[in-house]
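Listed below, chain by chain, are the residues.
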Amino acid sequence: MSKYETELHDFQNIFSLKGKVVVVTGGSRGLGLHAASGFLQAGASKVYITSRKASACDSAVAALNALPNLSPGAKSISIPADSANIEGVEHLVEEVMKTTDHVDILFANAGATWGEAFDTHPDSAFGKVMDLNVKSVFNTIRLFAPLLQKKGTIEDPSRVIITASVAGIGIGSLGKTATFGYSASKAAVIHLAKNLAVELGPRHILVNAIAPGLFPSKMASGLISLTGGEEQLAVSNPSKRLGKPEDIAGLVVFLSSRASSHVNGATITVDGGEVWARGVMVNATKEDQAKL
Ligand SMILES: NC(=O)c1ccc[n+]([C@@H]2O[C@H](COP(=O)([O-])OP(=O)(O)OC[C@H]3O[C@@H](n4cnc5c(N)ncnc54)[C@H](OP(=O)(O)O)[C@@H]3O)[C@@H](O)[C@H]2O)c1
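So, here's what we can say about the structure. Counting restarts for each chain: residues are numbered from 1 in the order of the written sequence. At least 70 in pLDDT is required for a residue's local features to be given in this predicted model, at least 80 for side-chain atom pairs to be given and counted, and no such filter applies to totals for whole chains, interfaces and linings, which use all residues. With hydrogens and water excluded, all non-hydrogen atoms of the structure serve as input to the side-chain values.

### Some remarks on a positive patch on the surface
So, step 1. There is a patch of like positive charges on the surface, built from Arg29, Arg52, Lys53, Lys128 and Lys218.
So, step 2. For the exposure calls, accessible area comes from a 1.4 Å probe over protein chains only, and a residue counts as buried if that area is under 20% of its type's maximum, exposed if over 50%, partly exposed in between. With relative accessibility at 58%, the residue Lys218 sits in the exposed group. Surface patches are defined over residues having more than 30% relative accessible area and no salt bridge, joining like charges when they lie within 9 Å and nonpolar side chains (Val, Leu, Ile, Met, Phe, Trp, Tyr) when within 5 Å. Per-residue and other accessible areas were derived by the Shrake-Rupley procedure at a 1.4 Å probe size, with only the shown protein chains allowed to occlude residues. A side-chain nitrogen of Lys or Arg and a carboxyl oxygen of Asp or Glu constitute a salt bridge if their distance falls within 4 Å. Neither His nor the chain ends contribute to the count of charged residues, in which Lys and Arg are positive and Asp and Glu negative. Where a charge lies is defined by one atom per residue type, namely NZ (Lys), CZ (Arg), CG (Asp) and CD (Glu).

### Describing the pairing of strand 4 (residues 105–108)
So, step 1. The helix count covers DSSP runs of H or I at least four residues long, the strand count covers runs of E at least two residues long, and both are numbered beginning at the N terminus. The alternating pattern of strand 4 places Ile105 and Phe107 on one face and Leu106 and Ala108 on the opposite face, and all of these are buried.
So, step 2. Bridge count between strand 1 (residues 21–25) and strand 4: 3 bridges; the pairing is parallel. Within strand 4, the position partnered with Val24 by the bridge is Phe107.
So, step 3. In terms of strand pairing, strand 4 meets strand 5 (residues 158–163) through 4 bridges, oriented parallel. Directly across from Leu106, in strand 5, lies its bridge partner Val160. Note on pairing: two strands pair once DSSP finds at least 2 bridges between them.

### Topic: the nonpolar core
So, step 1. Definition of nonpolar core: a set of buried residues of the types Ala, Val, Leu, Ile, Met, Phe, Trp, Tyr and Cys, connected through side-chain atoms within 4.5 Å. One finds Val96, Val103, Ile141, Phe144, Val160, Ile162 and Val207 to be the most contacted residues of the largest nonpolar core, which totals 31 residues.
So, step 2. Elements represented by at least two residues in this core include exactly strand 1, helix 4 (86–97), strand 4, helix 5 (123–149), strand 5, helix 6 (180–200) and strand 6 (205–212).
So, step 3. Broken down by element, this core gets its largest block of residues, 7 residues, from helix 6.
So, step 4. The contact criterion used throughout is that any non-hydrogen atoms of two residues lie within 4.5 Å. Residues in contact with Phe144, not counting those within four places in the same chain, are Val23, Leu92, Val93, Val96, Val103 and Leu106.
So, step 5. Membership of the second largest hydrophobic core comes to 28 residues, among which are Leu40, Ala74, Ile161 and Ile248.

### Focus on the site of the ligand
So, step 1. We call a residue near a given molecule or strand whenever any one of its heavy atoms falls within 4 Å of it. Near the ligand you find 30 residues, and of these Ser28, Arg52, Tyr182, Phe215 and Ser217 are the closest.
So, step 2. Whenever two N or O atoms come within 3.5 Å, that pair is a polar contact, provided that in protein one can donate a hydrogen and the other can accept it, and provided that, for residues adjacent in sequence, both atoms are side-chain atoms. Between a nitrogen atom of the ligand and a side-chain N or O atom of Asp82, the distance comes to 2.8 Å.
So, step 3. Lys186 places a polar side-chain atom, nitrogen or oxygen, 2.9 Å from an oxygen atom of the ligand.
So, step 4. Considered on its own, the ligand offers 880 Å² of accessible surface; in the complex 97% of this is hidden by protein.
So, step 5. Every element with two or more residues in the shell around the ligand is listed here: helix 2 (30–41), helix 6 and helix 7 (218–226).
So, step 6. Ranked by the residues each element gives to the shell around the ligand, the list is headed by helix 7, at 3 residues.
So, step 7. In this classification, Asp, Glu, Lys and Arg are treated as charged, Ala, Val, Leu, Ile, Met, Phe, Trp, Tyr, Cys and Pro as nonpolar, and every other residue, Gly included, as polar. Residues that form the shell around the ligand fall into these classes: 12 nonpolar, 12 polar and 6 charged.

### A word on the pattern of salt bridges
So, step 1. Tallying each qualifying case throughout the model produces 6 salt bridges.
So, step 2. The partner of Glu199 in a salt bridge is Arg203, with the nearest N and O atoms 3.8 Å apart.
So, step 3. For Glu199, a relative accessible area of 47% gives the class partly exposed.
So, step 4. We note a salt bridge from Arg241 to Asp247, for which the minimum N-O separation is 2.8 Å.
So, step 5. Arg241 sits in the partly exposed class, given a relative accessible area of 35%.

### With respect to the layout of surface pockets
So, step 1. For cavity detection a 1 Å grid was placed over the protein atoms alone, and a set of points counts as a cavity when a 1.4 Å probe fits there but cannot get out; an open set counts as a pocket when protein lies on both sides within 12 Å along at least five of seven lines, with lining residues being those that have an atom within 4 Å of a point. Grid points are joined across faces, edges and corners, and a volume is the space filled by probe spheres set on the points. Empty space within the second largest pocket amounts to approximately 480 Å³.
So, step 2. Looking at the second largest pocket, it is lined by 17 residues, and the ones nearest its centre are Ile154, Glu155, Arg258, Ser261 and His262.
So, step 3. A per-class count over the lining of the second largest pocket returns 7 nonpolar, 6 polar and 4 charged.

### A closer look at the side chain of Ser165
So, step 1. By the secondary structure assignment, Ser165 is in the loop between strand 5 and helix 6.
So, step 2. On the accessibility criterion, Ser165 (7% relative accessible area) is buried.
So, step 3. In contact with Ser165, not counting residues within four places along its chain, are Tyr182, Lys186, Ile190, Ile210, Ala211 and Pro212.

### Describing the packing of helix 2 against helix 9 (residues 245–256)
The relative placement of two packed helices comes down to the angle between their axes together with the axis-to-axis distance.
So, step 1. At a minimum axis separation of 8 Å, helix 2 and helix 9 run at an interaxial angle of 55 degrees. Accordingly, the angle class assigned to the pair helix 2 and helix 9 is oblique. Crossing of helix 2 over helix 9 shows right-handed handedness. Every residue of helix 9 that contacts helix 2 at Leu31, His34, Ala35, Gly38 and Phe39 is listed here: Pro245, Ile248, Ala249, Val252, Val253 and Ser256. To define axes, lines are fitted to C-alpha atoms, for helices over the stretch in contact only, and angles between the resulting N-to-C directions are given on a 0 to 180 degree scale. Our angle categories are set so that under 35 degrees counts as roughly parallel, over 145 as roughly antiparallel, 65 to 115 as roughly perpendicular, and the remainder as oblique. Crossing chirality is assigned from the near helix's rotation relative to the far helix, an anticlockwise turn below a right angle marking it left-handed and a clockwise turn marking it right-handed.

### What about the sheet that holds strand 4?
So, step 1. Taken together, the 7 strands give an open sheet; going across it, the order is 3-2-1-4-5-6-7, and neighbouring strands pair in parallel fashion. Edge positions in the sheet fall to strand 3 (75–78) and strand 7 (267–270), since each of these pairs with one other strand and no more. Each neighbouring strand pair of the sheet contributes to a mean axis angle of 20 degrees, computed without reference to strand direction.
So, step 2. Sheet analysis places strand 2 (residues 46–50) next to strand 3, joined by 4 bridges and oriented parallel. Of the residues in strand 3, the one forming a bridge with Val47 is Ser76.
So, step 3. Here helix 6 sits on the sheet and contacts strand 5, strand 6 and strand 7; the angle it forms with strand 6, its principal contact strand, is near 160 degrees.

### Quick look at the environment of Glu274
So, step 1. Residue position: Glu274 is located in helix 10 (residues 274–283).
So, step 2. The sequence separation of Glu274 and Ser236 amounts to 38 residues, and the corresponding C-alpha distance is 7.8 Å.
So, step 3. Setting aside its immediate chain neighbours within four residues, Glu274 contacts Val166, Asn237 and Pro238.

So this is what it looks like as structure tokens:
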């Protein structure tokens, strides 16, 4: 039997993150917290939670450490830091290095949005969104690269996952609460993931992006209520629902596990197919729309 035939039978732990060290930016709530819970329940040994507010990081860590099914010795650690500026990212790396000599998985997830009409869209808001959603994602990956490189190998590469959005693939919000900077920032990080996949692949660090659709969260709640509310948005989604915590947890665990160790530079949508259905709704007759 060849080496590859033997490997066909070694699938038992294909999604396991046993012993992995993880950093989650924007981990105090929303998608970052869903992901952190997934990392820990898949066997990670340390999950660092960072966001600006210390109290929010501490509460998230307390909730994660109270999960009933953690691996023995596994823990979540709170490190408040502002990812929007380079000093904040440097501080985060320094603090992480106090309790680990390497990082296996970096979830670059912190993000912000701004809604304002085209004619009055403020320069400061556009800049703020681009700084956090693009520049700081790049800086976070760049400053964590030495720690990610420590244990990455061809067979077991380290991982970076960037949170993009379907707003970076299709059109984002327009009109009174248009999110031009946000959409541009999410398209930018999708392209950044491709560039960094090629740059960092040879250092045994894989870089992929996720593109969520609407998930109820502090950030999304305004948009959800402005565009009809959860129930109405669920009806217009091909999967007939919005995103839920497990959808994010499952995807980031996959993208961090052996199961995805040959996936690099990809962007995976997690939106029930909503972004592909937009044109269908526009082109369909009223009768067809009722069926969709
Ligand atoms: N929810 C959705 O429908 C959706 C869809 C597509 C993409 N996304 C993306 O998913 C990511 C998370 O969004 P979410 O919906 O989970 O939003 P959320 O619930 O508002 O969470 C945002 C997180 O980012 C942190 N954060 C904000 N500014 C930060 C900064 N300067 N430095 C460090 N941390 C910061 C927040 O904590 P602090 O306030 O304490 O800093 C919080 O932990 C974002 O990149 C967002 O664009 C969300």
